[in-house]
Amino acid sequence: MDIVSMVISWHKEKIDEIARSFIKKYTRPSFYPAEDVESDALIGAWRAVKSFDPDKSTDFQKYLYFKVQFYLLDQLKQRYKTQRREIRGLDEILMIDGN
């Protein structure tokens, strides 16, 4: 097991807590399923571990929280943009078929 995996496993409870909080606050199951949020939270945690610089930050827990939250919000934004594009495409198809 590499060091990144070890750090993530040590903080798994905190990562899960961040994901559950995010699910309650921001998502609907049909739009951003809980399983996807949990997976993305782990990706955000992986990124946090890889980018953490102890010389710049003193509290890894806070750093982890903000990096995971930011990653989840970014993923939510990407899903929203994708859904809007799909809806716009569907509107165009319906307009063509309606004429």
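Quantities reported herein were computed from a predicted structural model and do not represent experimental measurements.

Enquirer: Could you clarify how one ought to interpret the overall build of the protein chain in this entry?
Expert: In terms of regular secondary structure, the protein chain is built from 4 helices and 0 strands. Listing the helices and strands of the protein chain from first to last along the sequence gives α-α-α-α. Expressed as a percentage of the 99 residues in the protein chain, the buried residues total 26%. Considering only contacts within the protein chain whose residues lie at least 6 apart along the sequence, 68% involve residues at least 24 apart. Split by element, the accessible area of the protein chain, about 7300 Å² in all, is 54% carbon and sulfur.

Enquirer: Teacher, can you tell me more about the packing of aromatic side chains here?
Expert: Any pair of aromatic rings gets described here by the distance separating the centres and the angle formed by the planes. Enumeration over the complete set of coordinates arrives at 5 aromatic pairs. Taking the centre distance of 4.8 Å and the plane angle of 40° together, the rings of F22 and Y26 count as tilted. With a gap of 4 residues between them, F22 and Y26 both fall in helix α2 (residues 12-26), about one helical turn apart. The exposure class assigned to Y26 is partly exposed, which follows from its relative accessible area of 34%.

Enquirer: Help me understand the nonpolar core, please; the structure alone is not making it clear to me.
Expert: Considering soluble globular proteins, one finds that nonpolar side chains tend to be buried as a cluster. Counting residues in each nonpolar core, the largest one holds 20 residues, and the members touching the most others are Y32, L64, V68 and L72. Within the residue set of this core, elements represented by two or more residues are α1 (3-10), α2, α3 (34-51) and α4 (60-98). By residue number, the principal contributor to this core is α4, which donates 6 residues.

Enquirer: Sorry if this is basic, but what is going on with α1 here?
Expert: Along an α-helix, residues three or four apart share an orientation, since each turn contains 3.6 residues. Listed in full, the buried residues belonging to α1 are V4, V7 and I8. Axial view of α1: buried residues confined to an arc of 100°, hence all on one face. Facing away from the buried side of α1 by over 90 degrees, the exposed positions are I3 and W10.

Cut-offs used in this document
- Residues numbered from 1 in each chain as written.
- Predicted model: local features only at pLDDT ≥ 70, side-chain atom pairs only at ≥ 80, totals over all residues.
- Heavy atoms only, no water.
- Helix = DSSP H or I, 4+ residues; strand = E, 2+ residues; numbered from the N terminus.
- Buried < 20%, exposed > 50% of the residue type's maximum accessible area, 1.4 Å probe, protein only.
- Contact = heavy atoms within 4.5 Å.
- Areas by Shrake-Rupley, 256 points an atom, 1.4 Å probe, with all protein chains shown as cover.
- Phe/Tyr/Trp six-rings, centres within 6.5 Å; stacked < 30°, edge-to-face > 60°.
- Core = buried A, V, L, I, M, F, W, Y, C linked by side-chain atoms within 4.5 Å.
- Arc of directions from axis to C-beta.

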